[in-house]
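Commentary on secondary and tertiary structure
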There are 2 protein chains.
Amino acid sequence: MTDRAHWRPLSRTNIQAAHTVIQPHIHTTPVLTCRTLNRLASTPQSPGSLLGTPFEGRTPAKPKINLFFKCENFQRIGAFKARGAFHAVLRLCNHAQALALAAATLKIPARIVMPRISTPSKIAGTEAHGANVIFSGSTSQEREEVVKHVISETGAILVPPYEHPDIILGQGTVGLEFEQQVKQMVRQDPGLSVRSDPARKDGALDAVITPLGGGGLNSGVATWFSSGDGQPSNKTLVFGAEPSYEGADDCCRSLATGTRITSVSSLTIADGLRTPVGAIPWSVISNPEKVRGVYAVTEEQIKAAMRLVLERMKVVIEPSAAVGLAVVLFNEDFRALAEKEAGEQGWDMGVVFSGGNTSIEAMGQLFSC
Amino acid sequence: MTDRAHWRPLSRTNIQAAHTVIQPHIHTTPVLTCRTLNRLASTPQSPGSLLGTPFEGRTPAKPKINLFFKCENFQRIGAFKARGAFHAVLRLCNHAQALALAAATLKIPARIVMPRISTPSKIAGTEAHGANVIFSGSTSQEREEVVKHVISETGAILVPPYEHPDIILGQGTVGLEFEQQVKQMVRQDPGLSVRSDPARKDGALDAVITPLGGGGLNSGVATWFSSGDGQPSNKTLVFGAEPSYEGADDCCRSLATGTRITSVSSLTIADGLRTPVGAIPWSVISNPEKVRGVYAVTEEQIKAAMRLVLERMKVVIEPSAAVGLAVVLFNEDFRALAEKEAGEQGWDMGVVFSGGNTSIEAMGQLFSC
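Quantities reported herein were computed from a predicted structural model and do not represent experimental measurements.

1. A look at the overall build of chain A
Helices and strands together make up the secondary structure of chain A, namely 14 helices and eight strands. Out of the 369 residues belonging to chain A, those deemed buried represent 54%. Sequence-distant contacts in chain A: of pairs separated by 6 or more residues, those separated by 24 or more amount to 74%. Summed over all atoms, the accessible surface of chain A reaches about 15600 Å², with 53% contributed by carbon and sulfur.

2. Quick notes on the sheet that holds strand E6 (residues 237-243) of chain B
All names here are of chain B. Read from one edge to the other, the open sheet built from six strands follows the order E1-E2-E8-E5-E6-E7, with strand pairing classed as mixed. Both outer strands of the open sheet, strand E1 (31-32) and strand E7 (293-297), are each paired with one neighbouring strand and no more. Across the sheet, helix H7 (residues 165-188) touches E1, strand E2 (65-71) and strand E8 (347-353), and the angle it forms with E2 is around 125°. Seen against the sheet, helix H12 (residues 323-330) touches E2, strand E5 (207-211), E6, E7 and E8 and runs at an angle of roughly 100° to E6.

3. Thoughts on the packing of helix H12 (residues 323-330) of chain A against helix H13 (residues 332-342) of chain A
Residues and elements named next belong to chain A. Closest axis-to-axis distance for the H12/H13 pair is 6 Å, and the angle between their directions is 70°. Considered as vectors, H12 and H13 are oriented roughly perpendicular to each other. Note on packing geometry: the crossing formed by H12 with H13 is right-handed. Touching Val327, Val328, Leu329 and Phe330 of H12 are Glu332, Phe334 and Arg335, all from H13. In the contact of H12 with H13, the residues fall into five nonpolar, no polar and two charged.

4. Points about the packing of aromatic side chains
Scanning the entire structure with this criterion turns up twelve aromatic pairs over all chains. Consider the rings of Phe239 of chain A and Phe334 of chain A, whose centres lie 5.1 Å apart with planes at 90°: the pair is edge-to-face. Here the residue Phe239 of chain A occupies a position in strand E6 (residues 237-243), and Phe334 of chain A occupies one in helix H13, the gap between them amounting to 95 residues. Each member of the pair Phe239 of chain A and Phe334 of chain A is classed as buried. Arranged with centres 5.6 Å apart and planes meeting at 75°, the rings of Tyr295 of chain B and Phe334 of chain B form a pair that is edge-to-face. Of this pair, Tyr295 of chain B sits in strand E7 while Phe334 of chain B is found in helix H13 (residues 332-342), placing the two residues 39 residues apart along the sequence. Each member of the pair Tyr295 of chain B and Phe334 of chain B is classed as buried.

5. Examining the relation of the copies chain A and chain B
In the superposition of chain A on chain B (RMSD 0.0 Å, axial shift 0.0 Å), the rotation amounts to 180°. Expressed as an axis order, the relation between the two copies is that of a two-fold axis.

6. Points about the confidence of the model for chain A
All names here are of chain A. For chain A, per-residue confidence averages 87 on the pLDDT scale, and residues scoring 70 or more make up 89% of the total. Segment residues 94-105 is flagged for pLDDT under 50; beyond a separation of four residues in sequence, or across chains, it makes five contacts in the model. Both scores are given for the predicted complex: the pTM is 0.84, the ipTM 0.80.

7. Brief notes about the interface of chain A and chain B
With 25 residues of chain A at the contact, the number on the chain B side is 25 residues. Both faces combined, the contact of chain A with chain B buries some 2200 Å², and carbon together with sulfur accounts for 61% of it. For the pair chain A and chain B, the interface holds two salt bridges. A salt bridge links Arg307 of chain B to Glu361 of chain A; the shortest N-O distance between them is 2.7 Å. Seen at the junction of chain A and chain B, the total is ten residue pairs in polar contact (both at pLDDT 80 or more). Put simply, the parts of the chain that give the side of chain A that touches chain B at least two residues each are helix H11 (299-313) and helix H14 (360-366) of chain A. For the side of chain A that touches chain B, a count of residues per class yields eleven nonpolar, eight polar and six charged.

8. Overview of the environment of Gly191 of chain B
All names here are of chain B. Here Gly191 is to be found in the loop between H7 and E5. Look at Gly191 and you get exposed, because its relative accessible area is 62%. Expressed as a C-alpha distance, the spacing of Gly191 and Pro243, which sit 52 residues apart in the sequence, is 34 Å.

9. Looking at helix H8 (residues 216-226) of chain A
Residue and element names in this part refer to chain A. In terms of burial, H8 is a largely internal element, eleven of the eleven residues being buried. Residues Gly216, Leu217, Asn218, Ser219, Gly220, Val221, Ala222, Thr223, Trp224, Phe225 and Ser226 constitute the buried set of H8. Elements that come into contact with the buried residues of H8 comprise helix H1 (12-22), helix H7 (165-188), strand E5 (207-211), E6, helix H10 (279-285) and strand E8 (347-353).

10. Here we look at the domain arrangement of chain A
All names here are of chain A. Domain assignment breaks chain A into domain 1 (12-81 + 164-367) and domain 2 (87-154). Averaged C-alpha coordinates put domain 1 and domain 2 at centres separated by 27 Å. Summed over both partners, the interface of domain 1 with domain 2 buries about 1300 Å², with 60% contributed by carbon and sulfur atoms. When the buried area of domain 1 at its contact with domain 2 is split by residue, Asp166, Asp271 and Asn357 rank highest and sum to 31% of it. At the junction of domain 1 with domain 2, the criterion picks out one residue pair in polar contact (both at pLDDT 80 or more). When contributions to the side of domain 1 that touches domain 2 are tallied by element, the ones reaching two or more residues are H1 and H7. Tallying contributions element by element places H7 first for the side of domain 1 that touches domain 2, with four residues. Counted by class, the side of domain 1 that touches domain 2 contains nine nonpolar, nine polar and four charged residues.

11. Brief notes about the pattern of salt bridges
Residues and elements named next belong to chain A. All chains considered together, the criterion is met by 28 salt bridges over all chains. Residue Asp202 is joined to Arg195 by a salt bridge in which the shortest nitrogen-to-oxygen separation is 3.2 Å. Its relative accessible area of 29% is what places Asp202 among the partly exposed residues. Overlapping salt bridges bring together Lys70, Glu72, Arg83 and Glu177 as one network.

12. Observations concerning the sheet that holds E5 of chain A
All names here are of chain A. Taken in spatial order, the six strands line up as E1-E2-E8-E5-E6-E7 in an open sheet, and their pairing is mixed. The open sheet terminates on both sides in strands that have one partner only, identified here as strand E1 (31-32) and strand E7 (293-297). Across seven bridges, strand E2 (residues 65-71) lies against E8 in parallel orientation. From the neighbouring strand, Phe68 faces E8, where its bridge partner is Gly350. Lying over the sheet, H7 contacts E1, E2 and E8, oriented at roughly 125° with respect to E2. The strands touched by helix H9 (residues 250-257) are E6 and E7; relative to E7, the strand with the most contacts, the crossing angle is about 135°.

13. Some points on a nonpolar patch on the surface
A surface patch of nonpolar side chains, amounting to about 280 Å² of accessible area, comprises Ile117, Tyr245 and Leu267 of chain A. Tracing the sequence through the fold places Tyr245 of chain A in the loop between E6 and H9.

Each value, and the rule that gives it
- Residues numbered from 1 in each chain as written.
- Chains lettered and ligands numbered in written order.
- Predicted model: local features only at pLDDT ≥ 70, side-chain atom pairs only at ≥ 80, totals over all residues.
- Heavy atoms only, no water.
- Helix = DSSP H or I, 4+ residues; strand = E, 2+ residues; numbered from the N terminus.
- Buried < 20%, exposed > 50% of the residue type's maximum accessible area, 1.4 Å probe, protein only.
- Contact = heavy atoms within 4.5 Å.
- Areas by Shrake-Rupley, 256 points an atom, 1.4 Å probe, with all protein chains shown as cover.
- Pairing = 2+ DSSP bridges.
- Axes fitted to C-alpha atoms, helices over the stretch in contact; angles between N-to-C directions.
- Parallel < 35°, antiparallel > 145°, perpendicular 65-115°, else oblique.
- Left-handed = near helix turned anticlockwise from the far one by under 90°.
- Nonpolar A, V, L, I, M, F, W, Y, C, P; charged D, E, K, R; others polar.
- Phe/Tyr/Trp six-rings, centres within 6.5 Å; stacked < 30°, edge-to-face > 60°.
- Least-squares fit on C-alpha atoms with pLDDT ≥ 70 in both.
- pLDDT = per-residue confidence, 0-100.
- Buried area = accessible area lost by both parts, 1.4 Å probe.
- Salt bridge = Lys/Arg side-chain N within 4 Å of Asp/Glu carboxyl O.
- Polar contact = N/O pair within 3.5 Å; in protein donor to acceptor, adjacent residues only side chain to side chain.
- Domains from an automatic or database assignment.
- Patch = residues over 30% accessible without salt bridge, like charges linked within 9 Å, V, L, I, M, F, W, Y side chains within 5 Å.

Here it is as structure tokens:
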């Protein structure tokens, strides 16, 4: 997957093509709504809850936000990553005919390099699918060392988690489905949209937020919504969400200086977002025409959002998947922007739940019950 | 709600009418599928896992079961009960015009009698909706004592949880939606049905199982599927599922003797199913043309089913909601019947997840992590 001559441009058309290719292999995950969370998102935080945060002393923002949740936690293997992986491997089979013929359809022997501290449910899930798991240290440098060694020993072909257009195009299909599904939902029940102008009650999303680790999902979704094929009046703003713990907000900090940070060593509970943003995703995310902003939240805010989703929506998400909702509910910079840009009408806003790989024990431990 | 002259017959037509009345107030909850659970349901249990159970020494059954899950845990207030309650109160308003006029639309002052040992999340949820909660002992006798007292003190009108046709007709709308949704899903993707004959790939369910406590949900769903308005070739068998702990399997035992048991005192983890089956539900459930059978499962089996739903389907259900799936996966009497009646083709089978009212703490405690 390293021959750049075969790389496809990141475009809306190529996301559509990716969707056609992967559709037989993935779930069209449902889009859910939740009145309680709409109410919470549209209620100002109490000034007291801002004490001790960077927002202390500010007048809490009063945005009006109407939420739609794209449940990729219900995706096969419990996360959106099935999309990019299927797309990359199916495209790989097209290019490497000899390999595809030699290996029974998609039953290519797989070696997966994972940090030794990965959550046990992710390791068990990977092994259950027949892959040979090889452990590395927890930083991306340590992981790349091990990958290099495996490639030189076995001649394996690297399918990276986010640093490849085929992966990003696959993840971008989340945006395609999300857009189509919300339009259909609002067509069937116009009351689901917050927009008051009947001519604009077309189900177009005003904004979408996704978690941001390596950046494959965020840059894929931003590619879908920004490629210029949509109606200009219905521009959907794309946002990214990161944990702030131990510097995992590398993308926020990279955007502040304009230089991509390439090393992160954080043990945030959002374990899927511990990696620094990759170079190809960064080429999308650093473009303000494509990604309007990236915001960070604390571990406590991630847990509070996760609890709301579990207890109110009855949906199991992993901590990484709660980061987008945490920004919507708790980050005053984001909320002030939403209040200003959404105005009195408010926003129809999409939140991507990226994955659900956790266990009852892990949840119990996280909330130390 | 005690004037029997106004009681409507339990029929498919009246369930349709109930659905029209309540639809603006309830969610059309999604129907989900899960390949992992289809595989587990269609794999014989190991003989070892039957040791120490009533099925010890039997050859484990080999049914072929293809599952569809109706997610009433995503319903408003987190359970199907919103259906019957909305139907009963809306009908009440029709009959008691003076009351309906006096009370702002649906904002009738409500007094809710609940057992003192109800789960804290249910008590908090009830109070959050503005109701005045009055506590009683845990048996249905103790509850009725308190209800009588409240009525004599306040002149309140009793809206019972299951002993009224309006409640049962409301719960029956779960059957209506489930039937329509699975037909639509199979029309869009015939591969979702296990049936091999293309002429029969119409999405009709071969069987449906629901949890059974007071029996409102089960008798409502059975009313929908048995009222004879459907295609006879597509008869959907309805089953009930109970916990066996401390005699909570009162309906199984009632069916065995033909006499309804009216008192149960069980602290099963399936707290929604601690009540004995009511007289009106019993008139439906005791009719073998309407309910094909009721099966019981142990606390451990309920927990195992709940864990699979949480960790594999990423869906939060309360223990009561897991009882139907537990029967499908673990009750050898049910599995043997399914093997015999479904044959080689297998069954397209619906499972109702009745509710999701639990908390992270309660889950942690249940699995003592």
